[in-house]
Amino acid sequence: MAVHDVAVVGAGPVGLTAALALARRGASVVVLEESERLSTEWRASTFHPPTIEIARDLGVVGTMLSSGIVARKYQVRDRRDGLIAEFDFGLLADETAYPFRLQLEQYKYTQIIKDAIEERHDRVAIRLGTGVVGVRQSDGEAALTTASGERVAARWVLGADGARSTIRKALGTPFEGLTYDHRYLVLSIDYPVETLLPGICDVNYIADPEEHLLVLRVPDLWRVVISVPPHVTSDEAVSGKYVAERLRGLFGDHPELPLRERKIYSVHQRVADAFRHGRVLLLGDAAHVNSPMGGMGLNGGIHDAFDLSIQLGAVLTGEAGPDVLDAWAHRRRKAAIEAVKELTHRTTTAMAEQDEVERRKYQRQMSEIAAAPQRARDWMMDAAMISNVRTHDLPPRAG
């Protein structure tokens, strides 16, 4: 039986990024995905500058830029008081070649990566419809067991199979953290929403003590993300009546809005106890999940994958020992806790603040930061995840 260099469990954006990056370093890779086809679910849609730099390294940045929307500004708003602060990514032009957020649906990115693998790398096999039910390790390899009973052997296994990761559960790795009381209702609207909310830009965070929101533009649609309180059931939240009330509260009287999607999901902040277990490594949502406020979850997972490809590539060629994987696991876990988790939690908490004194304090703080170029630049270094990758030594450097 052939032994692959790397077996990746999960053909989402993180797993396929790892596969492409490892293939570019000469590794033989097999990707095992339970679903019969790549997901077309509308999930994450924001790519920050360091992630776009990774796309450049992977040779897909041109396709991504031509497929997405370049968002050069984002706004912080209050439901009652309107615009509080506007931040211009142009302040980061001396820090990165890509001083903007790229709005591109996750499923389109995944297809772009899959196409690049199939066009350029015949040592990568993507096996759809192949679920994994278990993993075992020996001194020289790890073996996956598929749902059909097949054994797939590799020198290293990457668990990139999402928040409900089979690999993480098989390892018995704790996934501690919290679940927010509120959930989010996601509405995808095929209508020029900017005509209903004059003055908004492509990405808008809207604070409200009862119902905070995120309004952002993606290539084909506008997406509205609305917090849903615990007493509202999931069925009620996606009902026509509830959705109509939410849209009326946001837009006032408005023409009929074509809704292409409505769904509700819970929000978690969790991090696995360890990202490395012998020859098995966890990355992306299998290792850490966080609030969508800030658009950092998908990006953090891609950073995991790219960093790991460099370290694991060196191990596979004998240029480095396995200890670099321990360093990777420590570095990426620290990044997930100190940067992604803390920043997204801070934004989520501020958006939902109910104390009036604290709300006003947050408004003043945001307004003052946006009005001072150096403070705004420092703030955006965090918001754009450039500080994150520099603190945690993720190549390539911005610029």
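A quick note: this is a predicted structure, and the numbers were derived from the prediction, not measured.

The rules we used
- Residues numbered from 1 in each chain as written.
- Predicted model: local features only at pLDDT ≥ 70, side-chain atom pairs only at ≥ 80, totals over all residues.
- Heavy atoms only, no water.
- Buried < 20%, exposed > 50% of the residue type's maximum accessible area, 1.4 Å probe, protein only.
- Helix = DSSP H or I, 4+ residues; strand = E, 2+ residues; numbered from the N terminus.
- Pairing = 2+ DSSP bridges.
- Right-handed = clockwise from strand over helix to strand, strands pointing away.
- Contact = heavy atoms within 4.5 Å.
- Phe/Tyr/Trp six-rings, centres within 6.5 Å; stacked < 30°, edge-to-face > 60°.
- Lys NZ or Arg CZ within 6 Å of the ring centre and 35° of its normal.
- Salt bridge = Lys/Arg side-chain N within 4 Å of Asp/Glu carboxyl O.

Participant: Explain the pairing of strand β2 (residues 29-33) to me, please; I cannot follow it from the model alone.
Facilitator: Remember that side chains alternate between the two faces of the sheet whenever the strand is regular. Summarising burial for β2: five of the five residues are buried, a large majority. Where burial is concerned, the two faces of β2 agree: the one with Val29, Val31 and Glu33 and the one with Val30 and Leu32 are both buried. By the bridge criterion, four bridges tie strand β1 (residues 3-9) to β2 in an arrangement that is parallel. Bridge pairing in β2 links Val9 to Leu32. Crossover β1 to β2 through helix α1 (residues 13-23) is right-handed. One ladder, built from five bridges, connects β2 with strand β8 (residues 124-128); its direction is parallel.

Participant: Whenever I open this one, the environment of Val238 confuses me. Can you help?
Facilitator: Along the polypeptide, Val238 turns up in the loop between α6 (234-237) and α7 (240-251). Along the chain, Val238 and Val186 lie 52 residues apart, while their C-alpha atoms are 9.1 Å from each other. Setting aside anything within four residues of it in sequence, one finds Val238 in contact with Leu185, Val243, Arg262, Lys263 and Ile264.

Participant: How should I be thinking about the packing of aromatic side chains in this particular structure?
Facilitator: Tallied over the full model, the rule gives eight aromatic pairs. When the ring of Tyr74 is compared with that of Phe87, the centres are 5.2 Å apart and the planes differ by 25 degrees; the resulting orientation is stacked. You can see Tyr74 sitting in strand β5 (residues 73-78) and its partner Phe87 sitting in strand β6 (residues 82-88), a full 13 residues away along the chain. One exposure class covers both Tyr74 and Phe87, and it is buried. Ring geometry for Phe87 versus Trp379: centroids 6.2 Å apart, planes at 20 degrees, classification stacked. Here Phe87, found in strand β6, pairs with Trp379, found in helix α11 (residues 373-383); they are 292 residues apart in sequence, far enough to count as distant. Neither residue differs from the other here; Phe87 and Trp379 are each classed as buried. By way of ring pairs, the aromatic residues Tyr74, Phe87, Phe89, Tyr205 and Trp379 are connected into one cluster. Taking the ring centre of Phe175 as reference, the NZ or CZ of Arg168 above it sits at 3.8 Å.

Participant: Would you explain the pattern of salt bridges in this entry?
Facilitator: Think of it this way: side chains of opposite charge can pair up when their charged atoms draw near. As enumerated under the stated definition, the model contains 27 salt bridges in all. Note that Lys263 and Glu261 form a salt bridge whose closest N and O atoms lie 3.9 Å from each other. When its relative accessible area of 18% is taken as the criterion, Lys263 is described as buried. The network of salt bridges with common partners includes Asp78, Arg80, Asp81, Glu356, Arg359 and Arg360.

Participant: Is there a simple way to explain the side chain of Thr17 in this structure?
Facilitator: The residue Thr17 is located in helix α1 in this model. Judged by its relative accessible area of 0%, Thr17 is buried. Not counting the four nearest positions on each side in its chain, Thr17 is found in contact with Leu58, Tyr109, Ile113, Ile302 and Ala305.

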